[in-house]
Amino acid sequence: MVLPLVLAALTALALAAPLLDRFLGRSTGWPLAAAFLGLAALVATRAPEVLSGAGAPSFDAPWMPAVGVGFHLRLDGLALLFVSLVLVVGALVMAYSASYFSHGRHGDFYLLMTLFAAAMFGLVLADDVVLLFVFWEITTICSFFLIGRSGLSASRPAVRTLILTAAGGLALLTAVVLMWVTTGTTRLSVILEHSAWTDDPAFATAVAVLVILAAFTKSAQFPFHYWLPDAMAASTPVSAYLHAAAMVKAGIYLLMRFSPALADHAVWQTALIGFGLVTAVLGALFALQRHDLKELLAYSTVSQLGFLVAIIGVGTPAAMAAATAHTLAHALFKATLFMLVGVVDREAGSRDIRKLTGLRRVMPVTATLTGLAALSMAGVPPLLGFVSKESMFGAFLDAPGPGWVGPVVGGVAVVGAILTFAYSFRLVYGAFGGPTEQSHLREPKAAFLFPAAVASVAGLVLGLVVPLLNPLVDRVVTDTWGLVHDSDLALWHGFSTALGMSVVVLGAGTVLFLRRAWLDRVLDRSLFPVRGTEVFERLYRGTIALGARVGDLTRSDSPAQHLAMPFVLLAVLASVALSAGLAVGDFPAPVSRPMDWVLVALIAASVLGAVVARSRLAALGSIGVGGFTVALWFFTLGAPDVGLTQLLVEVLTVVVAVLVLRRLPRSFHPTGRVRRAAAAVLAIVAGGVAALATYTMTGRRELSPAADYFLTEAENETGGTNVVNTILVDFRALDTLGELTVLGIAGLVIVAVLNANGLLPNRQPTAIHRFAGSPIDSPTDATILFRTVGRWLAPLVILLSAYLLLRGHYEPGGGFISALVGGAGFALAYLSAPSSDRAPIRWPYIALIASGVGVAVLTGVAGYLEGSFLRPVHLDIPLPWGGEYHFTSALVFDVGVYLAVIGVVVTALNRLGGDSGPPGGMPRSRGASRSGRSAGKETR
Amino acid sequence: MTLAISVGLLVAGGVYLVVQRGMVRITFGFVLLGHAVNLLLVSGGGAFRREAPLMSETDASVAADPLPQAFVLTAIVIAFAITVYMLTLAGVGKRDDDTRGGPAVSGEKDEEKA
């Protein structure tokens, strides 16, 4: 239970960090450091079990049992190595942060750092590939935020790092999927022992390449190395932890984890050794060029990671032992150096070795600690770095392949190590050597130096007692190589080739350091024709530009282009279908009647009129004729309800359209001949296809069983004789409720659009001046007929609509139709008003819409009395004068329909008709002042 | 046949209008397309039985299919709401209901000149 406990504790600490920060400010680092150490001790209680080889403590919990993905944690030797890095170095960095930052709040930093530690902990323990991937991604995201929080200049580096490491993450995800599919399990320890690695070379190669990609991006290997120096925009504690000890080691961990399966693979060996050594040498050369201490350290990290990758590629037990030792050594000396560079930066105000000089006299302790860590990095005895480097040398000589490979690889490694030696001394000398100029500087507080001192001295002590590490190294070798191995890390191995290589390194390195002026001159040039970040930016911009270019194909503000597409597509599909041939049935009875042709002619005339009209009003007239003709069609086809609805809708459409048209120019915009011709061709093809499809594919069968059911059973089931209405309110009431809601939303959207955008102003008709002085010119006089008629017609219309509503269940009528009749009454009242100020119907239209939908929903809920939502409730109410009234809740539902439709009609009339400001029907709300403001804008 | 021709005419007119310039014409185009689809739906029920499905007056054996009628009835009202919404869009803006694309749009401009 220790493992999930530690993971949970780290997560809890992350969440608690901002709270702690509220009280402690930057000192939050201290309790966090203590907690990290406590958790490390907790893990250490299981260490004897791991080191003795008795077994790996593990934890299993179901996560996605349906697909077999589990929350599996497993602490083997390799995991223990990295856990100790994560927790111990993490504790040091946390303690360091408590002094590094300025006083004040750093809650986000502590949260992200602790969260990162939790993710890293989970990553190295995960025994499920999906889980491993999730933690891998969390470290990427934490890194992004930790870099990005350092201000504006860090935003591009943060993005570049994120994109690159996330790309590596995708490679890992692909590998995860491949392994899952091939082996049928997500359990990492099972996958690594699967026979597919040897039986299926294609699979092994693919996974090898993908894992290498993931690891190389994470661990900054050439050619992805550039992100690490780029990421130095982050604050020093972030660099010390993420970019020296922990995150960049995730790639190393991944390579070591997959070594048992892939170590013998040629691609794996070649890529790791080749790219690793190139990175090692290039990184070291770049480090020698840098003047900024932090940048120097970044390239040094790149170089050291290159050594690690190469040695993992060698893959022998001795190589794995060396990799283990060097991972540890590097984490210690590199974290130390980052922390101390931060100290120097804080105290001296610069990290540039051209500005820093002679600090050894004023900061002797800092100088000593830096020197100690740098000696470890340079591989000088008796520090841990010497032991690890010499064991690497020994292992390099046994690199797999033909006989010449070992010596060549060893030689390159020696070159890299010589350069490492040179830049280590360059770093120490650059800051602390030479004459002292800033003599006023003082040694920082002990607390600031303490964390770095611990790591620095640990490098020395561990070097002296290095055999103590052998049990851990043995376990790691067993976990990464597969067989038990006896490691013999020691300061002195007797005279060997490796010792000779160390001597060469020390000697040549010293020469290079002594001839540093010459070296600087030689290296003072660009070693590479391009910079990684520039290549990245070029690729990045190129990708965006390519996307824009692809998007341009369809990018247009003109609706016509978008609207034409579906019809073009339909025409194409239809021609394909037609060329394939159609099986056409027979009509059960003749479908055309002579009178129909009158309707066809009317439709043709109205369509033609709408198409050729240049005036908006004329087009509207034609559209109106078309609508009425369609209504007639419905009557002819035996659909009186539909016909009535169509008729009323047409009236209201024309009324609303007129309200808008008077704000627009008289004539349509001119369109070019080409466009008209193209539109005509498209229109004719689409029309032809539609007619053909309608003729051949509809109505060629007897009535459907559903229709039969409704016709024969509707009256028995509902008591209603108007079958269409019973379908709307009884059988398919849920559909109607949905449609009602759409209607209501359309009304609200109209209100929202008009609240956000003012209407165009009304245009004064020019022709009216001709009648100046006559009653036609006066709005009051001109509407007298309307008003007189309207006065007695309006109550009648409302009565009529109520009657239609009540009888809808039995005769043509119902909620939709009666509401439209009522709406037409409102339209009449509206149009008869002498001015738009006096026109509005002072009804709360939004409340009307809402109450309509509300009533419908409540009726639906009442349906539960009968067993289900929207089921009509029937009641026979005895009347006082005898007999009974048959009540059905479908009627109440229809009232809901009525209210919602009336609401939308009144909305349209009020909001589109008004000249200025909101109508009175609108409740005094925010909307009122907003549309008032937009109206004011129009008059300006 | 007659119904199919009507649908074809309405579709042709609707398609022609929706690819024109100006929100009002696009709206009118949609109105025509709405009519076309409504007639198509009714045609799906069959145009050979043309008695209203009112059981107090009509015998079930000759009444028209009520199901598409119910569909079309609600469709008409929804189409009305959409029409009003589109007309609203035509009524807001800077100058009028023009829908000509910005300068970034190629091709369109040439047509306008023609």
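Residues numbered from 1 in each chain as written. Chains lettered and ligands numbered in written order. Predicted model: local features only at pLDDT ≥ 70, side-chain atom pairs only at ≥ 80, totals over all residues. Heavy atoms only, no water.

- The name given to chain B in an unreviewed UniProt entry is Multicomponent Na+:H+ antiporter subunit C, with the source organism recorded as Actinoalloteichus caeruleus DSM 43889.
- According to UniProt, the comment filed for chain B under the heading Subcellular location (unreviewed entry) is "Cell membrane".
- On record in UniProt, under Sequence similarities (unreviewed entry), the comment for chain B is "Belongs to the CPA3 antiporters (TC 2.A.63) subunit C family." (UniProt positions renumbered as here; feature names shortened; annotations may be inferred.)

- Chain A carries the name Multicomponent Na+:H+ antiporter subunit A in an unreviewed UniProt entry, which gives Actinoalloteichus caeruleus DSM 43889 as its organism.

**A short note on the overall build of chain B**
Argument step 1. Looking only at helices and strands, one finds four helices and zero strands in chain B.
Argument step 2. Going residue by residue from the N terminus, the α and β elements of chain B occur as α-α-α-α.
Argument step 3. Residue burial in chain B is summarised as follows: out of 114 residues, 68% are buried.
Argument step 4. Considering only contacts in chain B between residues 6 or more positions apart, those separated by 24 or more positions represent 49%.
Argument step 5. In the form shown here, chain B has an accessible surface area of approximately 3,700 Å², with 62% of it arising from carbon and sulfur atoms. (Helix = DSSP H or I, 4+ residues; strand = E, 2+ residues; numbered from the N terminus. Buried < 20%, exposed > 50% of the residue type's maximum accessible area, 1.4 Å probe, protein only. Contact = heavy atoms within 4.5 Å. Areas by Shrake-Rupley, 256 points an atom, 1.4 Å probe, with all protein chains shown as cover.)

**Details of the pattern of salt bridges**
Residues and elements named next belong to chain A.
Argument step 1. Tallied over the full model, the rule gives 18 salt bridges over all chains.
Argument step 2. Here Arg187 and Asp60 are joined by a salt bridge, their closest N and O atoms 2.8 Å apart. Taken together, the residues span a long stretch of sequence, with Arg187 in the loop between α7 (155-183) and α8 (188-192) and Asp60 in strand β1 (residues 58-64) at a distance of 127 residues.
Argument step 3. Look at Arg187 and you get partly exposed, because its relative accessible area is 22%. (Salt bridge = Lys/Arg side-chain N within 4 Å of Asp/Glu carboxyl O.)

**So, the packing of helix α19 (residues 405-432) of chain A against helix α22 (residues 497-514) of chain A**
Residues and elements named next belong to chain A.
Argument step 1. Relative to each other, α19 and α22 sit at 45°, their axes nearing to 8 Å. One element, α19, and the other, α22, form an angle in the oblique class. You can see that α19 and α22 cross each other, and the crossing is right-handed. Where α19 abuts α22, its residues Gly410, Val414, Ala417, Ile418, Leu419, Phe421, Ala422, Phe425, Arg426 and Tyr429 lie against Met501, Val504, Val505, Leu506, Ala508, Gly509, Thr510, Leu512 and Phe513.
Argument step 2. Taken together, the residues that form the contact of α19 with α22 break down as 15 nonpolar, three polar and one charged. (Axes fitted to C-alpha atoms, helices over the stretch in contact; angles between N-to-C directions. Parallel < 35°, antiparallel > 145°, perpendicular 65-115°, else oblique. Left-handed = near helix turned anticlockwise from the far one by under 90°. Nonpolar A, V, L, I, M, F, W, Y, C, P; charged D, E, K, R; others polar.)

**Some remarks on the confidence of the model for chain B**
Detailed reading of the predicted coordinates is not advisable wherever pLDDT is low.
Argument step 1. Averaged over chain B, the pLDDT score is 84; the fraction of residues at 70 or greater is 88%.
Argument step 2. When the criterion is pLDDT under 50, residues 102-114 of chain B qualifies, and its contacts beyond four places in sequence or with other chains add up to 24 contacts. (pLDDT = per-residue confidence, 0-100.)

**Quick word on the UniProt feature "transmembrane region" (unreviewed entry) in chain B**
Residues and elements named next belong to chain B.
Argument step 1. The UniProt entry lists residues 27-49 and 70-92 under the feature "transmembrane region" (unreviewed entry), expressed in the numbering used here.
Argument step 2. End C-alpha to end C-alpha, residues 27-49 measures 33 Å, and it is 83% helix and 0% strand.
Argument step 3. Regarding residues 70-92, the helix share stands at 96% and the strand share at 0%, and the terminal C-alpha atoms are separated by 34 Å.

**Things to note about a nonpolar patch on the surface**
Residue and element names in this part refer to chain A.
Argument step 1. On the surface, Met595, Val598, Leu602, Val625, Leu632 and Phe635 cluster together into a nonpolar patch covering about 510 Å² of accessible area.
Argument step 2. The set of elements that each furnish at least two residues to the nonpolar patch consists of α26 (596-612) and α27 (616-636).
Argument step 3. Of the residues forming the nonpolar patch, the biggest block, three residues, is contributed by α27.
Argument step 4. Looking at the element boundaries, Val625 is found in helix α27.
Argument step 5. Residue classification places Val625 among the partly exposed residues on the basis of a relative accessible area of 39%. (Patch = residues over 30% accessible without salt bridge, like charges linked within 9 Å, V, L, I, M, F, W, Y side chains within 5 Å.)

**Here's the deal with the side chain of Arg49(B)**
Argument step 1. When you line up the elements, Arg49(B) lands in the loop between α2 (23-45) and α3 (66-91).
Argument step 2. For the buried Arg49(B), no salt bridge is present, and the opposite-charge side chain at shortest range is Glu702(A), 4.8 Å distant.
Argument step 3. Within polar-contact distance, the side chain of Arg49(B) engages the backbone oxygen of Ala60(B) at 2.8 Å.
Argument step 4. Within polar-contact distance, the side chain of Arg49(B) engages the backbone oxygen of Ala63(B) at 3.0 Å.
Argument step 5. Residue contacts for Arg49(B): discarding those within four places in its chain leaves Leu637(A), Leu703(A), Leu711(A), Ala60(B), Ser61(B), Val62(B), Ala63(B) and Ala64(B). (Lys, Arg positive; Asp, Glu negative; His and termini not counted. Polar contact = N/O pair within 3.5 Å; in protein donor to acceptor, adjacent residues only side chain to side chain.)

**Here we look at the pairing of strand β3 (residues 874-878) of chain A**
Residue and element names in this part refer to chain A.
Argument step 1. Judged from the five bridges that link them, β3 and strand β4 (residues 884-888) form a sheet pairing that is antiparallel. Within β4, the position partnered with Asp876 by the bridge is His886.
Argument step 2. Counting the residues in the hairpin turn of β3 and β4 gives five residues, including Gly882, whose phi is positive at 95°. (Pairing = 2+ DSSP bridges.)

**Considerations on the domain arrangement of chain A**
Argument step 1. Taken domain by domain, chain A consists of domain 1 (2-535) and domain 2 (720-940).
Argument step 2. The gap between the C-alpha centroids of domain 1 of chain A and domain 2 of chain A is 72 Å. (Domains from an automatic or database assignment.)

**So, the confidence of the model for chain A**
Residue and element names in this part refer to chain A.
Argument step 1. Mean pLDDT over chain A works out to 88, with 96% of the residues at or above the 70 mark.
Argument step 2. Ranking the elements of chain A by mean pLDDT puts helix α38 (residues 926-939) last, at 39, and helix α10 (residues 201-218) first, at 95.
Argument step 3. Low confidence marks residues 916-940, where pLDDT is under 50. Its contacts with residues over four positions away, or in another chain, come to 33 contacts.

**Section: unusual backbone geometry**
Residues and elements named next belong to chain A.
Argument step 1. Between Phe222 and the following residue, Pro223, the backbone shows a cis peptide bond with an omega angle of 5°.
Argument step 2. Assignment of secondary structure puts Pro223 in the loop between α10 and α11 (227-230).
Argument step 3. At Ala220, a residue that is not glycine, the phi angle is positive and equals roughly 55°.
Argument step 4. Inspection of the secondary structure puts Ala220 in the loop between α10 and α11.
Argument step 5. Judged by relative accessible area, which is 0%, Ala220 ranks as buried.

**Observations concerning the packing of aromatic side chains**
Residue and element names in this part refer to chain A.
Argument step 1. Across all of its chains, the model carries 23 aromatic pairs over all chains by this definition.
Argument step 2. Plain terms: the ring middles of Phe286 and Tyr299 are 5.1 Å apart, the flat faces sit at 45° to each other, and that makes the pair tilted. Highlighted residues: Phe286 in helix α14 (residues 266-289) and Tyr299 in helix α15 (residues 293-314), separated in sequence by 13 residues. An identical accessibility class is assigned to Phe286 and Tyr299; each is buried.
Argument step 3. Summarising the aromatic geometry, the rings of Phe421 and Phe425 are spaced 4.4 Å apart at their centres and angled 20° between planes, so their arrangement reads as stacked. (Phe/Tyr/Trp six-rings, centres within 6.5 Å; stacked < 30°, edge-to-face > 60°.)

**A word on the interface of chain A and chain B**
Argument step 1. With 112 residues of chain A at the interface, the matching set in chain B holds 89 residues.
Argument step 2. Together, the buried faces of chain A and chain B total about 8,900 Å²; carbon and sulfur atoms form 74% of this surface.
Argument step 3. Connecting chain A to chain B are one salt bridge.
Argument step 4. Between Asp596(A) and Arg50(B) there is a salt bridge whose closest N-O contact spans 2.8 Å.
Argument step 5. Taken together, chain A and chain B are joined by 18 residue pairs in polar contact (both at pLDDT 80 or more).
Argument step 6. No other element matches the 14 residues that helix α29 (residues 673-697) of chain A contributes to the side of chain A that touches chain B.
Argument step 7. Of the residues belonging to the side of chain A that touches chain B, the class tally is 71 nonpolar, 24 polar and 17 charged. (Buried area = accessible area lost by both parts, 1.4 Å probe.)

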